[in-house]
Structures are given as structure tokens and as C-alpha cells.
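Structural description and commentary
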Amino acid sequence: MTYDFLQHYWWLVISLLGALLVFLLFVQGANSMIFQLGKTDEERRMLINSTGRKWEFTFTTLVTFGGAFFASFPLFYSTSFGGAYWIWVLILFSFIIQAVSYEFQNKAGNLLGVRTFQVCLIINGIVGPLLLGGAVATFFTGSNFIVEKGNITDSLQPVISHWANGSRGLDVLLNPWVVIFGIAVVFLARILGTLYINNNVNDAPIRSRVRRQLIVNTVFFLAFFLPFLVMTLVTDGYAVNEAGTVVMEPMKYLHNLLTMWPLAVILLAGVALLLFGIGRTVLRPDYVRGIWPAGIGVVLVVLVLFLIAGWNNTAYYPSTADLQSSLTLQNSSSSEFTLTTMFYVSFLVPFVLGYIFYAWRAIDKKPIDRQEIAEDDAY
């Protein structure tokens, strides 16, 4: 195993975690449609109990994603999580109010009312995917930071990377393409949330509203995602030449797809699976398993987007303030010893995934219906 192999391997692991995180945003997507899919208190409670059984998977994956980045590419962690401070604080805060809302909305002594906590779930369902999508978009659009490794010897202020202005990351929201991609992720989460509810909640009135919501959210998703994808493929990208210098290359990300053609095949397969899951659910009212082909398709598409952002001599976290401060797999990774040690630890990942699969099956052994809400201790 060479150092270069380990760097690319760990970018693959991080890309897979990021792809799984986007899939698990179906929890946020379903929560954002509490009042569209549920018209009565009982129906809304069924929806919340459905997502309430899965929200820990999303949050745990988010934490694991951040932890993997910290261990394998610590300079990205210090630059983005430390520099773009307010973006990540807002993301984490939205997940905190989600957890609180699940636990307290129907507790005795709730002075704020059930609807207040349901609104908090809706806020998480919109803000979480919007900001996470915006953070991913900066892998292609760039961020306003500067890296000065020489500062590590400064005893008074040994800060290697810092934001080039005082916005602490909020300035990325002024980039229209970042916002466009963030909005696309919101509608993608709503698509997945609709498909998940259709599969997990056994209730005819709720399922009768699925098709309309699915069509509307799919149209909006395509309206925002396709322009961002085309823009990304045809505009200049951030390449790394043989000397390790970051340079602008025309249509860099399209070249990455063509050079690494298996990724293009995976991308097309992912798009096909996503459209299949949506289309069959729309055309066949009795089909309730659309979440699985669509979910696998989303994982494949997001995986490819991450890989073309980092592989093939590409700066995965470009700097718009100083081009040479851009982060690459080579200049931001942990030591070879650390990556090698973690390589063997990563062999435990299949066991973790197996446990998640087992827990998921156990949780979903019985679909949620009105009788369960009436009899069980529900959210």
C-alpha cells in the first residue's frame, strides 16, 4: 500500500459516508412535509413516529462523516469546520432542535404546544439539507479561506488556516450556485422522504397524497439540480499539475468523468435507479418499495460527485481567496502511518453496516398504522 493509494482509499470512504448521509436525509425530507402528508393530528403523529425511529441513523452518519474527515484529512477539518464556523453551528443546531422536538412534543407539561415542536422539525427538514448541500457545493465552487502552514511555528497564534473575511463561512451563501445546489438537496430529501413514508406508513389517506407530492418535488429538484450539474461540468475546475500547483482547467470535472469512465457508468446507473423508483411509484399506486431503488441511485450519484471532486489530481476544497491554498488529497491528509492504521480499522465498517441493516429490519418489522399509534408509547 502506497501513501497515494491510502489517500485515495480514504477519500473513497469519506465519499461513501457522504453519499449515505444524503440518502438518510429522507428523515429531514419527510419532516419538512408533515403538514402536506398529514392532515390530522393522528396522521401527523404517524409520520413523526416513522421518522423518529430513524433520525439517529442520520445524525450518527453525520458525526461519523465529520470524524472520518478529521482523522484522514485534518487540514480540511480545521479549515472548514473551524473556518466556516457559523455554517456548521447552524447545521448542528438544526439537528439539536430535531432531537428535542421528538422527545418533548407530547410530554406532559409541554407549555409550547405540539405544533411548536412540529414546526421545529420542519425547520430542521429544510435548514439541515439546505446547508449540508451548500457545504458539498463548495467542493466545486470554492470557499474563501487561506492556508499558511508556516503559522504553526508562531507561538502566539499557531493557526494554519483561517477565513479570509469575518463572515465565518456565511459568505458562501452569497454564491447563487451554492444556494441552488442546497435547494436541490432539500427537494431531493423531500423526494426520498415521500418514498420512505409511502413504504413505512401503512395508511391509505397518507399514501393517497404521496404521488402528487412526489411529482411536485421531482420537478423542483430537476429544475435546480440539472443547471448546477451542467454548470459544474462545463466550467473551469481546480486541477493539480505534476509540480503540485493548483491551476484552473477548462471542463475539469467533465474530463474527470471521461477519464474515469466507470464513474460515468455508475452515475448513469444511479440516475436510472432514482428515476425508476420515482416513476414506478407515480405510475403504480400499489407500489411502495420505491425508496430502495431511488435510495441506491442517490448513493451512487452522490458517490460519483464526491469522487470527481477529489480524484484524478483535483483540488477537492478549492480556495477562492488564494488558489494555492486549495486543499488536495496530498497536501491535507494525515500521515502514512495514521492512514495505514485506519485502513485496518476500516475493515470493521461492514460489521457496522450489518448491524444497521439488522436494526433497521427489526424497527420496521411492523409498518406504522393508526392502531399502533393508539396502543403504543409513541412520540
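Residues numbered from 1 in each chain as written. Predicted model: local features only at pLDDT ≥ 70, side-chain atom pairs only at ≥ 80, totals over all residues. Heavy atoms only, no water.

Counting 108 residues, the largest nonpolar core has Trp 11, Phe 69, Phe 73, Phe 139, Ile 308 and Tyr 316 as the members making the most contacts within it. Per-element accounting of this core gives the leading share, 13 residues, to helix α14 (residues 291-310). (Core = buried A, V, L, I, M, F, W, Y, C linked by side-chain atoms within 4.5 Å. Buried < 20%, exposed > 50% of the residue type's maximum accessible area, 1.4 Å probe, protein only. Helix = DSSP H or I, 4+ residues; strand = E, 2+ residues; numbered from the N terminus.)

Attention now moves to the side chain of Ser 333. On the secondary structure map, Ser 333 appears in the loop between α14 and α15 (336-345). A polar contact of 3.2 Å, which involves the side chain of Ser 333, links it to the side chain of Tyr 3. A polar atom in the side chain of Ser 333 sits 3.0 Å from the side chain of Gln 7. (Polar contact = N/O pair within 3.5 Å; in protein donor to acceptor, adjacent residues only side chain to side chain.)

What you see with strand β3 (residues 237-240) is no split at all: Gly 237 and Ala 239 on one side and Tyr 238 and Val 240 on the other are buried throughout. Of the pairings in the sheet, the one linking β3 to strand β4 (residues 246-249) comprises 4 bridges and is antiparallel in character. Opposite Val 240, over in β4, you have Val 246 as the bridge partner. (Pairing = 2+ DSSP bridges.)

For the rest of this paragraph, the subject is the layout of surface pockets. Estimates place the volume of the largest pocket at around 1,400 Å³. Around the largest pocket, the lining is made up of 40 residues, and of these Leu 20, Leu 24, Leu 353, Ile 356 and Phe 357 lie nearest the centre. When residues of the lining of the largest pocket are traced back to their parent elements, those giving at least two are α1 (3-24), α5 (55-72), α9 (176-200), α14, α15 and α16 (349-363). Of all the elements, α1 adds the most residues to the lining of the largest pocket, at 9 residues. Tallied by class, the residues present in the lining of the largest pocket amount to 27 nonpolar, 8 polar and 5 charged. The volume enclosed by the second largest pocket comes to roughly 520 Å³. Lining of the second largest pocket is provided by 37 residues; of these, Phe 181, Leu 188, Phe 225, Val 302 and Leu 305 occupy positions nearest its centre. Looking at the lining of the second largest pocket, the elements that each hand over two or more residues are α1, α5, α6 (74-83), α8 (114-141), α9, α11 (210-234), α13 (261-283) and α14. If one sorts the elements of the lining of the second largest pocket by residue count, α8 sits on top with 7 residues. (1 Å grid on protein atoms, 1.4 Å probe; cavity = no way out; pocket = protein on both sides within 12 Å on 5 of 7 lines; lining within 4 Å. Points joined across faces, edges and corners; volume = space filled by probe spheres on them. Nonpolar A, V, L, I, M, F, W, Y, C, P; charged D, E, K, R; others polar.)

Taken as a whole and assessed by the stated rule, the structure comprises 46 aromatic pairs. Between the aromatic rings of Tyr 9 and Phe 343, the centroid separation amounts to 4.9 Å while the plane-to-plane angle is 65 degrees, which identifies the pairing as edge-to-face. Note that Tyr 9 is positioned in helix α1 and Phe 343 in helix α15, a separation of 334 residues in sequence. Here Tyr 9 and Phe 343 have matching classes, each one buried. The interplanar angle of 80 degrees and the centroid separation of 5.4 Å between the aromatic rings of Phe 65 and Phe 69 together place this pair among those described as edge-to-face. With Phe 65 and Phe 69 both in helix α5 and 4 residues apart, the pair spans about one turn of that helix. Judged by relative accessible area, which is 8%, Phe 65 ranks as buried. Taking the relative accessible area as the measure of exposure, Phe 69 reaches 0% and is therefore buried. Across from the ring centre of Trp 360, 4.8 Å away, lies the NZ or CZ of Lys 54, which sits over that ring. Positioned above the aromatic ring of Tyr 287 is the side chain of Arg 280, whose terminal nitrogen or guanidinium carbon lies 4.5 Å from the ring centre. (Phe/Tyr/Trp six-rings, centres within 6.5 Å; stacked < 30°, edge-to-face > 60°. Lys NZ or Arg CZ within 6 Å of the ring centre and 35° of its normal.)

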